[in-house]
Amino acid sequence: KELAPYDPDWMYVRAASLARKVYLRQNLGLSAFRKFYGGKSMNGTCREHYRIASGKLIRHCLQELERNGVVEKDSEKGGRRITKNGQQELDLIARGLGNKA
């Protein structure tokens, strides 16, 4: 957790993961994503404990997905939901990956 990511495209991978999570389960908020992407914290010689992830990167990725029209805020239930255009794009990508296999 202290080292920089090895993959230069790590932010795109995280954004794609967020889009997939919203596609599979609607109305997830920032705190739910923070819990999902969290992990253990290093406490020196003390025991490790679970910590939730930082919200800045997740919030930024969700805002960029909103700007691109993949997800939108759900004012009725809260959280984010996939748009019709975003669902079509993700289905197209999944279909393309299925044809390669």
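Structure: see above.
Below: a short report on this structure. (Residues numbered from 1 in each chain as written. Predicted model: local features only at pLDDT ≥ 70, side-chain atom pairs only at ≥ 80, totals over all residues. Heavy atoms only, no water.)

## What about the overall build of the protein?
Worth spelling out the cut-off: Each helix corresponds to a stretch of at least 4 residues labelled H or I by DSSP, and each strand to a stretch of at least 2 residues labelled E; elements are numbered beginning at the N terminus. Exposure categories follow from relative accessible area, calculated using a 1.4 Å probe and restricted to protein chains: below 20% of the type maximum is buried, above 50% is exposed, and the middle band is partly exposed. Every accessible area reported is derived by Shrake-Rupley at a probe size of 1.4 Å, with residue values counting cover from the shown protein chains alone. Counted as positive: Lys and Arg. Counted as negative: Asp and Glu. His and the chain ends are not counted at all. For this purpose, a charge sits on NZ of Lys, CZ of Arg, CG of Asp or CD of Glu.
Helix and strand counts for the protein stand at 4 helices and 4 strands. Dimensions along the principal axes, computed over C-alpha positions, put the protein at roughly 50 × 40 × 20 Å. The buried share of the protein, taken over its 101 residues, is 23%. For the protein, the exposed surface amounts to about 7,800 Å²; the carbon and sulfur share of it is 52%. Counting 20 positive and 11 negative side-chain charges, the protein places the averaged centre of each group 6 Å from the other.

## Focus: the nonpolar core
Put simply, the rule reads: Nonpolar cores were defined as sets of buried Ala, Val, Leu, Ile, Met, Phe, Trp, Tyr and Cys residues, with membership established by side-chain atoms within 4.5 Å.
Grouped together as the largest cluster of nonpolar side chains are 15 residues, with contacts concentrated most on Leu18, Phe33, Tyr37, Ile58, Leu65, Val70 and Val71. Broken down by secondary-structure element, the contributors of at least two residues to this core are α1 (10-24) and α3 (55-67).

## Side note on the packing of aromatic side chains
This is how it is decided: Only the six-membered ring of Trp is used, alongside the rings of Phe and Tyr, when aromatic pairs are assigned; centres must lie within 6.5 Å, and planes under 30 degrees apart are stacked while those over 60 apart are edge-to-face, with the rest tilted.
All chains considered together, the criterion is met by 1 aromatic pair. Plain terms: the ring middles of Phe36 and Tyr37 are 4.8 Å apart, the flat faces sit at 85° to each other, and that makes the pair edge-to-face. Classification of Tyr37 as buried rests on a relative accessible area of 13%.

## Describing the pattern of salt bridges
Definition in use: Note on definitions: salt bridges are taken to be side-chain nitrogens of Lys or Arg within 4 Å of carboxyl oxygens of Asp or Glu.
Scanning all chains against the criterion turns up 5 salt bridges. Where Glu64 meets Arg67, a salt bridge forms, and the shortest distance between an N and an O atom there is 2.5 Å. Remark: Arg67 and Glu64 occur in helix α3; sequence separation between them is 3 residues, near one turn of the helix. Residue Arg67 is classed as exposed on the basis of its relative accessible area, which comes to 62%. Close ionic contact of Arg81 with Asp74 constitutes a salt bridge, the shortest N to O distance being 3.4 Å. You can call Arg81 partly exposed: its relative accessible area is 30%.

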